[in-house]
Amino acid sequence: MIGLISATAAGAAARDRLAAAWPDRTRVYDGPAGDAVRTAFAECEQLVCFLATGAVVRLIAPLLGDKTADPGVVCVDEGGRFAVSLVGGHGGGANELAAAVGGVLGAEPVVTTATDSVGMAGLDTLGLPVEGDVAGVSRALLDGEAVVLDAEVPWPLPPLPVAAQGSYAVRVTDRAVEPAEREALLRPPSLVVGVGASRGVPEAEVLELVEGVLRDAGLSARSVAELATVDAKADEPGLVAAAGRLGVPLVTYSAEELARVPVPHPSDAPLAAVGTPSVAEAAALLRGGELLVPKRKSRRADGRPAMATCAVVRRPVRGRLAVVGLGPGARDLLTPRAAAELRRASVLVGLDQYVDQIRDLLRPGTRILESGLGAEEERARTAVAEARRGHAVALIGSGDAGVYAMASPALAEASDDIDVLGVPGVTAALAAGAVLGAPLGHDHVSISLSDLHTPWEVIERRVRAAAEADLVVTFYNPRSRGRHWQLPEALAVLGGHREPTTPVGVVRNASRPDESSRLTTLAELDPSTVDMMTVVTVGNTATREIAGRMVTPRGYRWQNGRETRQEEAR
């Protein structure tokens, strides 16, 4: 919960705007500011104070304890101009909160945390438990000193400016080791503990078994990602409570799924009880990995039979591939999600001219693999290979990555051993359509006229089908130095089904500084004025020029106002 505190009418107005935007996340604290801050500090995970920073500093100073447990505090000035991350920038999430508050109120986020100020990922913001000399290693990274990354367990981390040799180190490990001097340990969630249990198993017996097995194997409990078992035990109180104490989810699988997993130690007892010859080993191994600890039974002080078994697997590392659409070129048409993925990736793969567009958004330490035109399949293979090595990879393309861009070749290469995320972008057709007016107001289709990978016979058949179906057509890759006849051919096909006066929009470098556009007709368009940086949109039989804009009417006829309102709501 986010506590909201104000002391003046101006502050209250901004406070109420934030409360209205986040009704389920916020709670307003009225009364004297000092009392409100103290109460909210004790009850909330985060605070937004519409007060001067000096006043908030004095109010929260006596309340501060541990930066890993204190709430994050953001200050917003009376004029609503700035959202200042005051304390708990990383641990309390105040940096992200300042940005979110700024987005709602139109305020400028102010973040002074050292790593964020220089665009570097803080070690305590990577989403992994971190131990050791975090402050010293972070300071070394900021100062440009040599820091070594020792990934005993490969994991898709954000970029870090690391070196091959140095006196400081970041070690990624799931082993139960103590950090060395000048070393920070990152604990990846790489371990799966499979658990079998009898009905009524005590929580203490499960915990003692799991913790003992991890300790004996030299593994860290902070790297346990989940407890896994058969779905018949999903509500077993002892297992549910043990997972809660360990701070991990209890994941369950059907007996049929578990029975198909080859295990080294099958048994008749679980087969008779729940329908699978193995629970602990099978549940741990079901999604693959290395069996580090075979099935182990619990020990009971009273000498009675064990009620729990467990096995430990190091699951295979899953790299992360984000296929990112950069939009048509304008920075303000690059989506926030795309920008976040660019900062998240430790490896960037892309066409050199696209890399140049967003190079300033990349964090220090990002490895850039760029190549020239015509190497699309090579870039796709490279991106997938880097993800398979356990890296966080961003593969970039213009417009939307799934439209005549990199998503198709990348997904054709990728198997289910990596995580793939698609990040949509504004397409050239949409950017051009916005410049022209509303040419895509009804059914429409995009067709590439490049026959480098698609035979012209196929392209022509698609153009003819669009013409016969009376669809608005947007032509991508309409003309190049070596391909000058395809656009006239395609326009001739459309001309067989549409009037010569049909509006045609021509937009070059949509959304970029040198953008140009014009509205002409099917009969008057000169194909020689078109090149590869141009998008050509041909209207259908209903498209009109209205006040200098290209408009395709929706053309719907509704029986009553309710249907109209429902369509508009969609």
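Topic: the overall build of the protein
Logical step 1: Secondary structure summary: the protein contains 19 helices and 28 strands in total.
Logical step 2: Its C-alpha atoms give the protein principal-axis dimensions of roughly 95 × 65 × 60 Å.
Logical step 3: Here the protein holds 570 residues, and 45% of them are scored as buried.
Logical step 4: Long-range contacts, defined as pairs at least 24 residues apart, comprise 64% of the intrachain contacts of the protein with a sequence gap of at least 6.
Logical step 5: Summed over its atoms, the accessible surface of the protein is roughly 27,200 Å², and 50% of this surface lies on carbon and sulfur atoms.
Logical step 6: Seen as two clouds, the 58 positive and the 71 negative side-chain charges of the protein have centres 1 Å apart.

Some words on the nonpolar core
Logical step 1: With 23 residues, the main nonpolar core has Val193, Val195, Val206, Leu214 and Val312 as its most contacted residues.
Logical step 2: Per element, the largest residue contribution to this core is six residues, and it comes from helix α7 (residues 203–216).
Logical step 3: Once you skip the residues sitting within four places of it in the chain, Val312 turns out to touch Leu191, Val192, Val193, Val213, Leu214, Leu219, Glu290, Leu291, Leu292 and Val293.
Logical step 4: Trp456, Ala466, Val506 and Val538 belong to the second-largest nonpolar core, a separate cluster that totals 21 residues.

Here we look at the pairing of strand β2 (residues 26–29)
Logical step 1: Across four bridges, strand β1 (residues 2–6) lies against β2 in parallel orientation. For Ile2, the partnering residue across the bridge sits in β2 and is Thr26.
Logical step 2: In this fold, the crossover linking β1 to β2 by way of helix α1 (residues 9–21) has right-handed handedness.

Details of helix α6 (residues 134–142)
Residues separated by three or four positions in an α-helix point in the same direction, a consequence of the helix having 3.6 residues per turn.
Logical step 1: Taken as a whole, α6 has its buried residues at Val134, Gly136, Val137, Ser138, Ala140 and Leu141.
Logical step 2: Where α6 is buried, its residues contact β7 (130–132), β8 (147–151), β9 (168–172) and β10 (183–186).
Logical step 3: Positive phi appears at Gly144, one or two residues downstream of α6, with a value of about 80°.

So, the state of the cysteines
Should the sulfur atoms of two cysteines be covalently bonded, the bond is a disulfide.
Logical step 1: As enumerated under the stated definition, the model contains zero disulfides in all.
Logical step 2: Here Cys75 stays free of any disulfide, with the sulfur of Cys49 as its closest cysteine sulfur at 5.4 Å.
Logical step 3: Exposure remark for Cys75: the relative accessible area of 1% places this residue in the buried category.

Points about the packing of helix α17 (residues 456–468) against helix α18 (residues 486–495)
Logical step 1: For the pair α17 and α18, the least separation of the axes is 9 Å and the interaxial angle reads 30°. Taken together, the axes of α17 and α18 are roughly parallel relative to one another. Regarding α17 and α18, the two cross each other, and that crossing is right-handed. Residues Trp456, Glu460, Val463, Arg464 and Ala467 of α17 lie in contact with α18, whose contacting residues are Gln486, Glu489, Ala490, Val493 and Leu494.

So, the pairing of strand β22 (residues 444–448)
Logical step 1: Where β22 and strand β23 (residues 472–476) come together, five bridges link them in parallel fashion. In the strand pairing of β23, Ile447 is matched with Phe475.
Logical step 2: Taken together, β22, α17 and β23 constitute a β-α-β crossover, and its handedness is right-handed.

As for the packing of aromatic side chains
Logical step 1: All chains considered together, the criterion is met by two aromatic pairs.
Logical step 2: Ring geometry for Tyr404 and Tyr476: centres 4.8 Å apart, planes at 50°, overall tilted. Linking Tyr404 in the loop between β19 (392–397) and α15 (407–413) with Tyr476 in strand β23, this pair joins segments that are 72 residues apart in sequence.
Logical step 3: Overall, the relative accessible area of 11% leaves Tyr476 in the buried class.
Logical step 4: When the centroid spacing of 5.2 Å and the interplanar angle of 75° are considered together, the rings of Trp456 and Trp485 count as edge-to-face. Placement of Trp456 in helix α17 and of Trp485 in the loop between β23 and α18 is noted, with a sequence separation of 29 residues between them.
Logical step 5: Residue Trp456 is classed as buried on the basis of its relative accessible area, which comes to 11%.
Logical step 6: What makes Trp485 partly exposed here is its relative accessible area of 37%.
Logical step 7: The ring centre of Trp22 lies 4.2 Å from the NZ or CZ of Arg25, which sits over that ring.

Calculation criteria
Residues numbered from 1 in each chain as written. Predicted model: local features only at pLDDT ≥ 70, side-chain atom pairs only at ≥ 80, totals over all residues. Heavy atoms only, no water. Helix = DSSP H or I, 4+ residues; strand = E, 2+ residues; numbered from the N terminus. Buried < 20%, exposed > 50% of the residue type's maximum accessible area, 1.4 Å probe, protein only. Contact = heavy atoms within 4.5 Å. Areas by Shrake-Rupley, 256 points an atom, 1.4 Å probe, with all protein chains shown as cover. Lys, Arg positive; Asp, Glu negative; His and termini not counted. Charge placed at Lys NZ, Arg CZ, Asp CG, Glu CD. Core = buried A, V, L, I, M, F, W, Y, C linked by side-chain atoms within 4.5 Å. Pairing = 2+ DSSP bridges. Right-handed = clockwise from strand over helix to strand, strands pointing away. Disulfide = S-S within 2.5 Å. Axes fitted to C-alpha atoms, helices over the stretch in contact; angles between N-to-C directions. Parallel < 35°, antiparallel > 145°, perpendicular 65-115°, else oblique. Left-handed = near helix turned anticlockwise from the far one by under 90°. Phe/Tyr/Trp six-rings, centres within 6.5 Å; stacked < 30°, edge-to-face > 60°. Lys NZ or Arg CZ within 6 Å of the ring centre and 35° of its normal.

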